[in-house]
Structures are given as C-alpha cells and as structure tokens.
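Residue-level listing of the chains:
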Amino acid sequence: MTATLIVAMFAELFPNGISHYVIGGLLVGLGVAVIYLGTGIPAGASTFLESTLSYGSSLARFERYRTSRDWRVVFTLGIVAGAAVYALTFQSGLLSSGLQPGATTGELREVGGVTIWLTEVQPWRLFLGGILIGIGTRLGKGCTSGHGVCGVGSASGASFVGVTTFLLVAIGVAQLVAATGVNP
C-alpha cells in the first residue's frame, strides 16, 4: 500500500481529520491513568449505579463498593460536567475550534438565555437505549470504558472478548436500524 493510498483512505474514512480523536483518546488515557495511579482501581463507568446504590442499601451486593464509591461518584459527575461544558461551549457555537466541526444532527435552541444543542432523538428512545445499555453492561460485566480502555490496555483476554462482542453487536444493530429506515 502506498502512502498516497493510505492518505486517501483516511481522508475518506475521516473527512474531518483524526486530530480530535487523538486528543480525546489522550485525555481519556490520561484520566484513566490518574484514577488508576490514585486508587489502584481500573476506571469503569458501569459500576457507578451499583456504587451509588450502596449509599442507600445495605444489601451485601453493594457492600463491596463502600470503599470506592466516593471517587466513583466524582468520576461520573466529571463525565456529566464535561459533556455539559462541551455542549454549552462548542456545540452551542459559543466557542469554536478547528478540531471539532459543528453538530450535524439536532438543532440549536435558546434555553434560559443560553444557546444549546438538542438532539433529534426522541426522549423515549434515549431512555430505552440507556436501560438496554445498563442491562448490557451488567451482563457483560463491564462497559466500554472498563473493558475497552482499561481491560484491553492491560491485555485482558476477557476484555478483548467483551470489546469484540460490543463492536460486533453495535455494528449489527446499526446496520439493522439503517436497513429498516428508522429515524431518530
């Protein structure tokens, strides 16, 4: 494969470039490293619900999270806060960056004097998708952040199987949804 062919392939696959993916990946990797070095625990977002339930439940199932639940709540609040800051700045157009093109689906709306981007996806689909993802992460004993970043990064065989399964099922469902013509 010649260099020209490789560049052409990347230009077609990533028309907006790859720099924002690289920067995002570096930030995720840095965050995971900081959490692991600080706690000795791999950073996985799917245990958030169980660790949060340990605040109000005395079931033995949740007891194992008591020692790590505080940082898990902060970790998850950081994910939500980061998404909110991004939506209020870059997606709303308040700030611009050559790394991130504007949103291509959804619309900009004025809410409380602030312009924010809202998705076209119907709320019931977002809710149902969240429930299915939650069930899937429990059945798969982890999520893409735990298996995909930490597990694969540490060469875990179970994580390689998990990530392969996540990807194959996601690709299959996306193709099925596209073939049936379902819109947001």
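All of these numbers come straight from a predicted model, not from anything done at the bench.

**Here's the deal with the domain arrangement of the protein**
Interface size, as often reported, equals the accessible area lost upon joining of the parts.
Part 1: What the domain assignment lists for the protein is domain 1 (1-119) and domain 2 (121-184).
Part 2: A separation of 15 Å is found between the C-alpha centroids of domain 1 and domain 2.
Part 3: When the two sides are added together, the surface that domain 1 and domain 2 hide from each other amounts to roughly 720 Å², 60% of it contributed by carbon and sulfur.
Part 4: Among the residues of domain 1 in contact with domain 2, Val32, Ser46 and Thr119 are the three that bury the most area, contributing 54% of the side total.
Part 5: At the boundary of domain 1 with domain 2, the tally comes to zero residue pairs in polar contact (both at pLDDT 80 or more).
Part 6: Class assignment of the residues belonging to the side of domain 1 that touches domain 2 gives a composition of six nonpolar, four polar and two charged.

**Section: helix α8 (residues 157-180)**
Part 1: With 24 residues, α8 extends 35 Å between its outermost C-alpha atoms, agreeing within 8% with the 34 Å of an ideal straight helix rising 1.5 Å per residue.
Part 2: Ser159, Gly162 and Val163 are the residues of α8 that are buried.
Part 3: If you follow the buried residues of α8, they end up packed against α7 (144-153).

**Examining the pairing of strand β2 (residues 114-118)**
Part 1: Pairing between strand β1 (residues 107-111) and β2: five bridges, direction antiparallel. Bridge assignment links Arg109 to a residue of β2, and that residue is Ile116.
Part 2: From the end of β1 to the start of β2, which pair antiparallel, there are two residues, and Gly112 there has a positive phi angle of about 60°.

**Some words on the packing of aromatic side chains**
Part 1: All chains considered together, the criterion is met by one aromatic pair.
Part 2: Consider the rings of Trp71 and Phe75, whose centres lie 6.1 Å apart with planes at 65°: the pair is edge-to-face. In this pair, Trp71 and Phe75 both sit in helix α5 (residues 69-91), four residues apart, roughly one turn of the helix.

**Thoughts on the UniProt feature "transmembrane region" (unreviewed entry) in the protein**
Part 1: Here, the residues flagged by UniProt with the feature "transmembrane region" (unreviewed entry) are residues 20-49, 70-89 and 160-182.
Part 2: As annotated, residues 70-89 has a helix share of 100% and a strand share of 0%, and its two end C-alpha atoms lie 28 Å apart.

**Thoughts on the environment of Thr119**
Part 1: Structurally, Thr119 is set in the loop between β2 and α6 (123-139).
Part 2: Sequence-wise, Thr119 and Pro15 are 104 residues apart; in three dimensions their C-alpha atoms are separated by 22 Å.

**Some words on α7**
Part 1: For α7, the complete set of buried residues consists of Gly146, His147, Cys150 and Gly151. Viewed end-on, α7 has its buried residues packed into an arc of 120°, placing them on one side of the element. Exposed side chains of α7 directed beyond 90 degrees from the buried face belong to Thr144 and Gly153.
Part 2: Tucked into the core, α7 has its buried residues touching α2 (19-39) and α8.
Part 3: One or two residues past the end of α7 sits Ala155, with phi positive at roughly 60°.

**Notes on the nonpolar core**
Part 1: Listed in full, the five residues of the largest apolar core are Val32, Ile35, Ala43, Trp71 and Cys150.
Part 2: Beyond its immediate sequence surroundings of up to four residues, Val32 is in contact with Ala43, Val149 and Cys150.

**A look at the side chain of His147**
Part 1: Assignment of secondary structure puts His147 in helix α7.
Part 2: Exposure remark for His147: the relative accessible area of 10% places this residue in the buried category.
Part 3: The contact partners of His147, leaving out residues within four places of it in the chain, are Gly140, Lys141, Gly142, Val152, Ala158, Ser159, Val163 and Phe166.

**Section: the side chain of Ser159**
Part 1: By the secondary structure assignment, Ser159 is in helix α8.
Part 2: What makes Ser159 buried here is its relative accessible area of 4%.
Part 3: Excluding residues that lie within four positions of it along the chain, Ser159 makes contacts with His147, Gly151 and Val152.

Cut-offs applied
- Residues numbered from 1 in each chain as written.
- Predicted model: local features only at pLDDT ≥ 70, side-chain atom pairs only at ≥ 80, totals over all residues.
- Heavy atoms only, no water.
- Domains from an automatic or database assignment.
- Buried area = accessible area lost by both parts, 1.4 Å probe.
- Polar contact = N/O pair within 3.5 Å; in protein donor to acceptor, adjacent residues only side chain to side chain.
- Nonpolar A, V, L, I, M, F, W, Y, C, P; charged D, E, K, R; others polar.
- Helix = DSSP H or I, 4+ residues; strand = E, 2+ residues; numbered from the N terminus.
- Expected span 1.5 Å × (residues − 1).
- Buried < 20%, exposed > 50% of the residue type's maximum accessible area, 1.4 Å probe, protein only.
- Contact = heavy atoms within 4.5 Å.
- Pairing = 2+ DSSP bridges.
- Phe/Tyr/Trp six-rings, centres within 6.5 Å; stacked < 30°, edge-to-face > 60°.
- UniProt positions renumbered as here; feature names shortened; annotations may be inferred.
- Arc of directions from axis to C-beta.
- Core = buried A, V, L, I, M, F, W, Y, C linked by side-chain atoms within 4.5 Å.

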